[in-house]
Every structure is written in C-alpha cells, then in structure tokens.
Amino acid sequence: MTKILLTGGAGFIGSHLAERLIQQGHRLVLVDDLNDFYSPETKRRNLKEIKANASFEFVQADICDQAAIEKVFEQYRPEVIIHLAARAGVRPSLEQPFLYERVNVHGTLVLLDLARLYGVRKFVFASSSSIYGITSKTPFSENESDPNPISPYGVTKLAGEKLCYVYSHVHHLPTICLRFFTVYGPRQRPDLAIHKFAKLIEQGQEISVFGDGTSFRDYTYIDDTVDGILATLELQVPFEIFNLGNSNPVSLTEMIRLLEKHLGKKAQLQFKESQPGDMPFTCADLSKAKQRLGYRPKVPFETGLSRFVAWFQQNHHKT
Ligand SMILES: NC(=O)c1ccc[n+]([C@@H]2O[C@H](COP(=O)([O-])OP(=O)(O)OC[C@H]3O[C@@H](n4cnc5c(N)ncnc54)[C@H](O)[C@@H]3O)[C@@H](O)[C@H]2O)c1
C-alpha cells in the first residue's frame, strides 16, 4: 500500500485512475481546484462516483498555491505523486496562453519542488502527444530529438517534462513523463471532439468540422491509459518518457461515422478552415512502452466508442 497524491483527481482521467488505485489498495489524497474550464458539477459528480465505492481524502486547492499545497504534503506525507492537474486542450491555450503557462509550468514546478523537499520517491507527470509538432516523424517516438509543439499547451507540457528531467538529474527525484494520446471513454471532457460531437448530434445541431475530415487521431481508451499509468508504479528509473497511445489512428470522418452509427442519428456537418494549433495526424510509437512497461492497449476504437456512447446516453442530460 502506497500513499499517493493524485492531482487533477476530479477530472476525466484522474477519476478513473483514482478508482483503480483505490481498488489496488493504495491510500489516496486527491487535489483538485474544481475550476470552471468545464462544469465543476461534473467534477463533483466524478468525486461522488469514486466515493460510492471507496474512501479517500480530497483537498480542494490550486496547485499554483504553494502554501496550500505544502500543507497537503505536511499533513499526508505522500510517497508518490501522480500529477495530472493541468489546463488541458490545444485551442483554449491559444486564447489563454498565460493561464496555461501558470498552471502547467508554475504549478508543476510547485509540485516538483515540494516532492524534492518532502523526499517523495516517485513523480509521474501527465504529458501529451501535443509536445510533438508537425515536423515530428510519425509514428511519434520518444527518441524525437527536437520536438516543436505548435500550441502554447504543447509547449507547457514540454516545459513540464524538462522540469521533471532537471529534478531527476539535479535532485535525484525519480520522474516519469507519460505522453497521452487523445484519451476517450466515459466521463470524457466535454470539450473533446467525441463528447462535443455526440452532444451536437443528439441535439440535432450542426457540427463544425475544421479541415476536410482527413485529420487523424490516435484515440486511446481510458482503461488502456490507466493501465499504462499504473504500470509506472512498478518501474524503478531515474527518468523516463513514455508514449501511451493506441498506435491505430482514426480519421475524423470515420470517428463521426461511428458516432452516428452508435447514436443512431445522422450528423449535420459544416466544413470549415483548419484551426491553428491543430495537428493533422497523431500516432504513437509504442515500442518503448511495450518493452519497458508491458503496455498493451486492448480496446479497439469501435468497442471503446460504443462504451462511451452507452455512458453518454445515460448521462448527457447532466453534462
Ligand atoms: N484527455 C486527453 O486526451 C489528454 C491527452 C493528453 C494529455 N492529457 C493530460 O492529462 C491530464 C488529465 O486530463 P483530463 O482529460 O483528465 O482533463 P480534466 O480537465 O478532466 O482533468 C484535469 C483536472 O485538473 C484540475 N485542475 C486544473 N487546474 C488545476 C489547478 N490549478 N489546481 C488544481 N487542480 C487543477 C481540473 O479541475 C480537472 O479536474 C492533463 O494534464 C492533460 O493535459 C490529457
């Protein structure tokens, strides 16, 4: 049993991870500021759903508030930090770059520095496929030596990784950075395309499709992402970076077709200019994660999408 501090625990990935960590018998402290990037009610409901099956500590705090976060370290003395709290999403980072920089870079530094001070034995950081840019070779490999993200969000995640490296190298804090690739499934963030489109199709409203529908995303089912995060708890390394994707990209057009099929409704599409910051293609090279973490994504896209739709149909009136 390990004492784990999980930041962003009320969010999409965090709430699924929390359930699995508790099932495995770990003691958990969740930190989340329940901000209004999307409805705080949704986040409270996520917390309630975790609580229905288990107990954990919850602290509502902003990771940028050093004094408040230090109190959490002081009180709970976590052995491992899994740091998922962030401002997520590419497009909003173009509108609020300073907020993204503050939460994703300064907030990460607050946690790394407290982890150093309090002798934490492992720090796991949620990075993103967005650190790869349009010049990266596909499938994206952790060996890419010069990634050039094309959004402020991607840059903040790359900066987070670099800070993790510094804390590992200089302060001997073992750090592992995980590059998630478009995670989907029940409780998915409402700003992400699958969830947003499902809502518009359900309401009979038009969907703005940016580009010609031929962009590809390496959608990864939430349970596979969580399996990959859990595998890092077994790994003893000073510093590593892993892709956690599916290595099976799906086009936007195909994603919409499958959504229509499982919702049983036609989408009304309006094609628009591609948006700046959006990547045309993402695909993870998983050789390293397979070899070192035993990571093997199991859920094919259509199976995962049908699970999302089943959840959505029960919950969309609440989201
Ligand atoms: N979902 C994806 O497809 C995806 C892909 C790549 C990377 N990621 C990364 O994974 C992590 C989790 O993503 P998610 O999709 O679950 O997002 P989410 O928004 O559902 O979860 C993030 C949580 O962090 C909390 N948070 C944000 N700022 C905070 C702050 N200043 N202090 C305390 N808590 C704060 C939010 O309230 C939220 O509950 C993020 O770091 C994100 O960048 C996600």
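Residues numbered from 1 in each chain as written. Predicted model: local features only at pLDDT ≥ 70, side-chain atom pairs only at ≥ 80, totals over all residues.

Novice: I would appreciate a short explanation of the site of the ligand in the present structure.
Specialist: Taken together, the neighbourhood of the ligand is formed by 30 residues, with Gly8, Gly11, Phe12, Ile13 and Ala86 sitting nearest. If you list the elements that add at least two residues to the shell around the ligand, you get helix H1 (12-23), strand E2 (27-32), helix H5 (97-117) and strand E5 (122-128). No other element matches H1, which puts three residues into the shell around the ligand. Classifying every residue of the shell around the ligand gives 16 nonpolar, eight polar and six charged. (Near = placed C-beta within 6 Å. Helix = DSSP H or I, 4+ residues; strand = E, 2+ residues; numbered from the N terminus. Nonpolar A, V, L, I, M, F, W, Y, C, P; charged D, E, K, R; others polar.)

Novice: What is the right way to read the sheet that holds E5 from this model?
Specialist: As a general point, the strands of a sheet are linked pairwise by backbone hydrogen bonds and lie either parallel or antiparallel. A sheet is described by the order of its strands in space; here seven strands give the open sequence E3-E2-E1-E4-E5-E6-E11, paired in parallel fashion. Because the sheet does not close on itself, it has two edges, and the strands there are strand E3 (57-60) and strand E11 (239-244). Strand after strand, the sheet turns through a mean of 15 degrees between neighbouring axes, direction not considered. As judged from the six bridges shared by strand E6 (residues 175-180) and E11, these two strands associate in the parallel manner. Bridging from a neighbouring strand, cysteine 177 pairs with isoleucine 241 of E11. Sitting on the sheet, helix H8 (residues 222-231) touches strand E4 (80-83), E5, E6 and E11, and the angle it makes with E6 is about 170 degrees. (Pairing = 2+ DSSP bridges. Axes fitted to C-alpha atoms, helices over the stretch in contact; angles between N-to-C directions. Contact = placed C-beta atoms within 7 Å.)

Novice: Explain the nonpolar core to me, please; I cannot follow it from the model alone.
Specialist: In globular proteins that are soluble, nonpolar side chains generally tend to be buried together. Counting residues in hydrophobic clusters, the biggest one holds 78 residues, and the most contacted among them are Leu6, Ile81, Ile82, Phe123 and Leu178. The greatest single-element share of this core, amounting to six residues, is contributed by H5. Excluding residues that lie within four positions of it along the chain, isoleucine 81 makes contacts with Leu5, Leu111, Ala115, Val120, Phe123 and Val124. (Core = buried A, V, L, I, M, F, W, Y, C linked by C-beta atoms within 7 Å. Buried ≥ 20, exposed ≤ 12 C-beta atoms within 10 Å, placed from the backbone.)

Novice: Would you take a moment to explain the packing of H5 against helix H6 (residues 152-171) for this structure?
Specialist: Helix-helix packing is described using two parameters, namely the angle between the two axes and the distance between the axes. It is at 9 Å that the axes of H5 and H6 come closest, and there the two elements cross at 15 degrees. When the interaxial angle is binned, H5 and H6 end up roughly parallel. In this structure, the crossing between H5 and H6 has a hand that is right-handed. Residue-level contacts link Pro97, Tyr100, Glu101, Asn104, Val105, Thr108, Leu109, Leu112 and Arg116 of H5 to Pro152, Tyr153, Thr156, Lys157, Ala159, Gly160, Leu163, Cys164, Tyr167 and His171 of H6. Across the contact of H5 with H6, the residue classes tally to 11 nonpolar, five polar and three charged. (Parallel < 35°, antiparallel > 145°, perpendicular 65-115°, else oblique. Left-handed = near helix turned anticlockwise from the far one by under 90°.)

Novice: Is there a simple way to think about the pairing of E4 in this case?
Specialist: By the alternation rule, side chains of E4 split into Val80 and Ile82 and Ile81 and His83, which are all buried. The pairing of strand E1 (residues 3-7) with E4 spans four bridges and is classified as parallel. Looking at E4, one finds that isoleucine 4 is bridged to valine 80.

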